[in-house]
Amino acid sequence: MATRTQVVQKPHSKPHRTYDYLYDPVHTLSSSRDHAKLSFKAQSSFDRLRKMPDHMNMFSELRHYPRQSYQLNSANPVPSHVPRAWQGYANQYRDALVRYKTFNYAPNVKIPPKSHPSCDVTGTDRYKFFRRPILPYLEQLNITGLMLEPSKISETEEETDPTAAAKTRSVHVQTDYRDSETQTDPYSPEYVIQPGTEPELLTLATLSYSNGLPAGLAEVELIERARVKRQWEATLPHLNDLELLGKRRRMMEEQERKEWAFREKEITKLQDEQLELIKKLLQQRETDHAALNDKMMEQLWSKKQMEKEKQLLRIRNEHIRALRKLTRHREVVDGSLKRRDIIEDYNNYDSEVYAPSMTVGVYLDYGSEQFHVKSSYTNSYYGLLQLEASLPQYVLNPRIKLPKTKIVGSKARQLQHRGQQLDQVYQELKARRNEDTTPKPLRLLEKVEKPIPRPPTPSVDVPNEDEEEQELMVILLQQVLRGRVTQTKMYEGKNRRIELIRELQTTHALQGPQIAAKRKEEQEMESKQRQQQHDEHKASVVSSLAGNTPYTLLGKQLDYLSKELVRLQEERRLHAFMLLAERERRMREAEESGLRQVEERIRRTEDELFKQVVSVHNETVDSYLEDVILSAVKCTADKQARQEIRERATNINKVVHELEKTQTSLEKHETVAELVHTFLLPEVKKQTLRDKVKHQQRKHLLAAHHAIHKDIQKQ
């Protein structure tokens with residue numbers, strides 16, 4: 001049965017192109033340092049390298065005679081009119097202004113607007129405002145074949161043709177704009193009022209779209225209050241009725257008190273909302289400050305960690321370099337220069353010619369990751385089980401048969417003669433083993449004790465005997481299955497490693513007393529050898545002393561004494577240097593500790609000053625905000641009071657003018673007298689009462705002043 005395999009290779013994609021930082025308007029860099037890095041990478045990229053073959057060494061395989069060399073292309077691929085400078089200084093300046101205004105509360109700072117490139121929606125840039133959904137075209141895939149077994153995939157591939165797909169398909173296009181974004185304000189048609197009618201709906205003429213409409217809860221409350229006020233105005237007595245003027249005045253005063261109470265509630269509510277908004281803004285500012293500080297601390301910590309890792313890496317490299325230098329110096333003790341022997345290097349297969357070290361700069365496994373096989377079968381245990389189940393039995397358990405080679409001539413006779421000798425030796429050893437059947441004590445083997453059997457599983461008395469018997473049967477069946485599985489695994493492992501087990505039992509199973517005895521014998525032998533070497537050395541020294549003259553002995557003794565004198569002097573001089581260095585170190589440590597204490601004291605002082613300055617700034621901001629809020633509230637209340645007073649004055653003037661037209665002179669005099677009686681006389685009474693209270697309090701105040709002055713003069 002024929003099968004078909006399709007190999008899909010993923011294209012090698014780069015994260016970005018070489019000159020995206022110059023051409024691509026969407027490509028964003030964080031700073032000028034990144035721009036410099038990318039420009040350096042672009043200038044030193046491998047795309048600008050050209051291979052220049054060397055005709056003299058065209059077919060050379062040696063490293064010191066390369067067949068080709070690399071040369072940098074002098075032509076610049078970027079045209080001269082393209083700017084190469086970093087274009088992010090304006091955005092960086094704008095971000096700095098935004099941060100300054102946000103965290104320092106500087107409303108006077110003006111932030112320049114963002115500059116966006118012009119975009120022609122109906123012209124050349126029209127394609128940017130359309131998008132089509134990227135959906136997989138599932139008609140071209142064989143979905144049923146993905147869930148089949150490997151043996152049935154080939155059958156389904158022959159039955160279904162993957163190229164047989166639909167010739168047409170629907171494509172949907174959607175714009176980036178919604179209908180709600182182009183919606184305008186609702187249309188308000190013109191209207192005509194019939195004479196003699198006052199529709200209630202016209203009271204809402206002051207409301208407009210996004211300014212009270214659509215109406216919310218606050219607007220509904222205002223409408224209801226206006227309706228109640230119109231009803232109240234309808235119940236007021238007429239001004240022409242002189243008997244009900246007192247009732248009218250009382251009703252108006254009561255309504256005025258209600259309106260002032262409602263106004264006070266609204267002002268209190270508005271102030272509470274403003275205070276809540278200010279609290280939220282302050283909390284948001286503190287949160288932003290804390291987040292910014294955490295971010296700065298995290299960046300500083302990561303920077304310090306990177307510096308620490310770089311320092312450790314540099315120290316390790318210097319350590320390795322120093323060890324290599326010491327190794328080279330120890331190899332050449334006498335200091336002589338050892339030249340390279342090329343013949344010896346090529347003759348020795350362990351030399352740098354055949355196996356160069358990575359410290360020289362040669363990486364033999366460079367690019368080996370491209371040969372690494374990545375498969376879903378080898379990435380998980382379940383995949384390995386699937387792969388093992390799909391492979392045939394002869395792959396898992398291979399049987400290797402060596403080919404039989406026919407040997408002819410004298411070599412065959414020699415092998416036959418050697419085989420006969422080995423058979424004869426084997427028979428003799430077998431006969432001796434059968435003769436000596438008496439058991440001997442084990443010297444090199446150790447008895448392997450069997451593991452202690454598992455204790456029986458405890459049971460619990462259950463009232464229901466049927467369930468207990470069923471549970472016991474299930475437990476017994478589980479134990480039997482687990483024991484059988486464990487036994488099968490142990491038996492298979494034993495069969496696979498039977499030769500290794502026998503070898504370990506014969507070589508490493510020594511008994512404890514025998515090992516101790518063997519160590520004791522080795523120690524006795526070593527002590528005897530040391531004693532013998534000592535005796536030989538003593539005899540050689542005595543013989544050498546007997547053969548030499550006393551003058552040579554005297555010369556050697558004087559030489560030894562002079563060397564000892566020089567060594568003692570050097571030792572004392574080094575000891576003096578060491579004491580001086582230790583004294584210098586202690587003095588420097590004392591100076592450094594003093595400087596450190598001074599710096600810490602200065603740092604604590606500066607931190608405290610900074611905290612005080614920040615607290616003063618916060619208090620200044622709080623007092624400024626309170627003054628602004630209080631002044632705004634006062635101005636608003638003053639304006640509203642003045643406006644209401646003007647409205648009330650105009651209403652009163654209208655009423656007075658109407659009364660003057662209709663009243664007689666007697667009625668006018670009565671009205672003036674009533675006004676004087678109700679407004680001027682009470683005010684005069686209040687003023688006289690205040691003067692009396694102030695005069696009475698003046699006496700007590702003077703007495704208190706005299707008493708305080710006497711006490712001060714006595715002291």
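A.B. asks: Before we move on, can you summarise the overall build of the protein with the specific residues and values?
C.D. replies: Of regular secondary structure, the protein possesses 15 helices and 6 strands. Evaluated residue by residue, the protein yields a buried proportion of 6% over its 715 residues. Once local pairs closer than 6 in sequence are excluded, the contacts in the protein between residues at least 24 apart make up 47%. With an accessible surface of roughly 67800 Å², the protein has 57% of that area assigned to carbon and sulfur atoms.

A.B. asks: So, the environment of Pro53: which residues are in play, and what are the values?
C.D. replies: Here Pro53 shows up in strand 1 (residues 49-53). In sequence terms Pro53 and Ser69 are 16 residues apart; their C-alpha atoms lie 6.3 Å from each other.

A.B. asks: Provide a residue-level description of a nonpolar patch on the surface, including the pertinent values.
C.D. replies: The grouping of Leu62, Tyr65, Ile342, Tyr346, Tyr349 and Tyr354 at the surface amounts to a nonpolar patch, some 650 Å² of accessible area in total. Its location among the elements puts Leu62 in the loop between strand 1 and strand 2 (68-72).

A.B. asks: Give me the nonpolar core: which residues, what numbers.
C.D. replies: Counting 9 residues, the largest nonpolar core is built from Tyr19, Tyr21, Leu22, Leu29, Leu38, Ala42, Val78, Val82 and Trp86. Those elements that provide at least two residues to this core are helix 1 (20-23) and helix 2 (32-43). With residues near it in sequence (within four places) discarded, Leu29 still touches Tyr21, Asp34, His35, Leu38 and Trp86.

A.B. asks: Go over the side chain of Ser351, please, and point to the residues and values.
C.D. replies: Among the secondary structure elements, Ser351 is positioned in the loop between helix 7 (342-347) and helix 8 (381-390). Residue Ser351 is classed as buried on the basis of its relative accessible area, which comes to 9%. For Ser351, the side chain forms a polar contact with the main-chain oxygen of Asp345, separated by 2.5 Å.

A.B. asks: So what about the pattern of salt bridges? Which residues, and what values?
C.D. replies: Inspection of the entire model under this criterion finds 18 salt bridges. A salt bridge links Glu256 to Arg648, with the shortest nitrogen-to-oxygen separation between them at 2.2 Å. Here Glu256 is found in helix 6 (residues 245-331), whereas its partner Arg648 is found in helix 14 (residues 550-662), with 392 residues between them in sequence. We classify Glu256 as partly exposed; its relative accessible area is 27%. Linking Arg567 and Glu564 is a salt bridge whose minimum nitrogen-to-oxygen distance equals 2.8 Å. With Arg567 and Glu564 both in helix 14 and 3 residues apart, the pair spans about one turn of that helix. Residues joined by salt bridges that share partners form a network here, namely Glu582, Arg585, Arg586 and Glu589.

A.B. asks: Describe the packing of aromatic side chains, with residues and values.
C.D. replies: Scanning all chains against the criterion turns up 2 aromatic pairs. Look at Tyr349 and Tyr354: their rings are 5.1 Å apart centre to centre, the planes differ by 45 degrees, and that puts the pair in the tilted class. When its relative accessible area of 61% is taken as the criterion, Tyr349 is described as exposed. By relative accessible area, which is 40% here, Tyr354 ends up partly exposed. Among the aromatic residues, those joined into a ring-pair cluster are Tyr346, Tyr349 and Tyr354. The ring of Phe262 has Arg225 lying over it, and the distance from NZ or CZ to the ring centre is 3.8 Å.

A.B. asks: Give me the lowdown on a negative patch on the surface, citing residues and values where you can.
C.D. replies: Taken together, the side chains of Glu465, Asp466, Glu467, Glu469 and Glu471 present a region of like negative charge at the surface. Inspection of the secondary structure assignment puts Asp466 in helix 11 (residues 465-496).

A.B. asks: With reference to specific residues and values, describe helix 6.
C.D. replies: Under the 1.5 Å per step criterion, the end-to-end length of helix 6 is 128 Å for 87 residues, consistent within 8% with the ideal 129 Å. Taken together, the buried positions of helix 6 are Gly246, Arg248, Met251, Gln255 and Arg285.

A.B. asks: Run through a positive patch on the surface, naming residues and quoting values.
C.D. replies: Judged by side-chain charge, Arg33, Lys37, Lys41, Lys303, Lys304 and Lys310 come together as a positively charged surface patch. For the positive patch, the secondary structure elements donating two or more residues are helix 2 and helix 6.

A.B. asks: Kindly report on the confidence of the model for the protein, identifying the contributing residues and their values.
C.D. replies: This prediction gives the protein a mean pLDDT of 77; 81% of its residues lie at or above 70. Highest mean pLDDT in the protein belongs to helix 6 (90); lowest belongs to helix 4 (residues 150-159) (44). Throughout residues 136-165 the model reports pLDDT below 50, and contacts reaching past four residues in sequence, or to other chains, amount to 19 contacts.

A.B. asks: Tell me what's going on with the packing of helix 5 (residues 217-235) against helix 6, and back it up with residues and numbers.
C.D. replies: In contact at an axis separation of 11 Å, helix 5 and helix 6 are set at 170 degrees when each is read in the N-to-C sense. The angle between helix 5 and helix 6 falls in the class roughly antiparallel. Crossing geometry of helix 5 relative to helix 6 is assigned as left-handed. Two secondary-structure elements touch here, helix 5 through Arg225, Lys229, Trp232 and Thr235 and helix 6 through Met251, Met252, Gln255, Glu259 and Phe262.

What counts as what
Residues numbered from 1 in each chain as written. Predicted model: local features only at pLDDT ≥ 70, side-chain atom pairs only at ≥ 80, totals over all residues. Heavy atoms only, no water. Helix = DSSP H or I, 4+ residues; strand = E, 2+ residues; numbered from the N terminus. Buried < 20%, exposed > 50% of the residue type's maximum accessible area, 1.4 Å probe, protein only. Contact = heavy atoms within 4.5 Å. Areas by Shrake-Rupley, 256 points an atom, 1.4 Å probe, with all protein chains shown as cover. Patch = residues over 30% accessible without salt bridge, like charges linked within 9 Å, V, L, I, M, F, W, Y side chains within 5 Å. Salt bridge = Lys/Arg side-chain N within 4 Å of Asp/Glu carboxyl O. Core = buried A, V, L, I, M, F, W, Y, C linked by side-chain atoms within 4.5 Å. Polar contact = N/O pair within 3.5 Å; in protein donor to acceptor, adjacent residues only side chain to side chain. Phe/Tyr/Trp six-rings, centres within 6.5 Å; stacked < 30°, edge-to-face > 60°. Lys NZ or Arg CZ within 6 Å of the ring centre and 35° of its normal. Lys, Arg positive; Asp, Glu negative; His and termini not counted. Charge placed at Lys NZ, Arg CZ, Asp CG, Glu CD. Expected span 1.5 Å × (residues − 1). pLDDT = per-residue confidence, 0-100. Axes fitted to C-alpha atoms, helices over the stretch in contact; angles between N-to-C directions. Parallel < 35°, antiparallel > 145°, perpendicular 65-115°, else oblique. Left-handed = near helix turned anticlockwise from the far one by under 90°.

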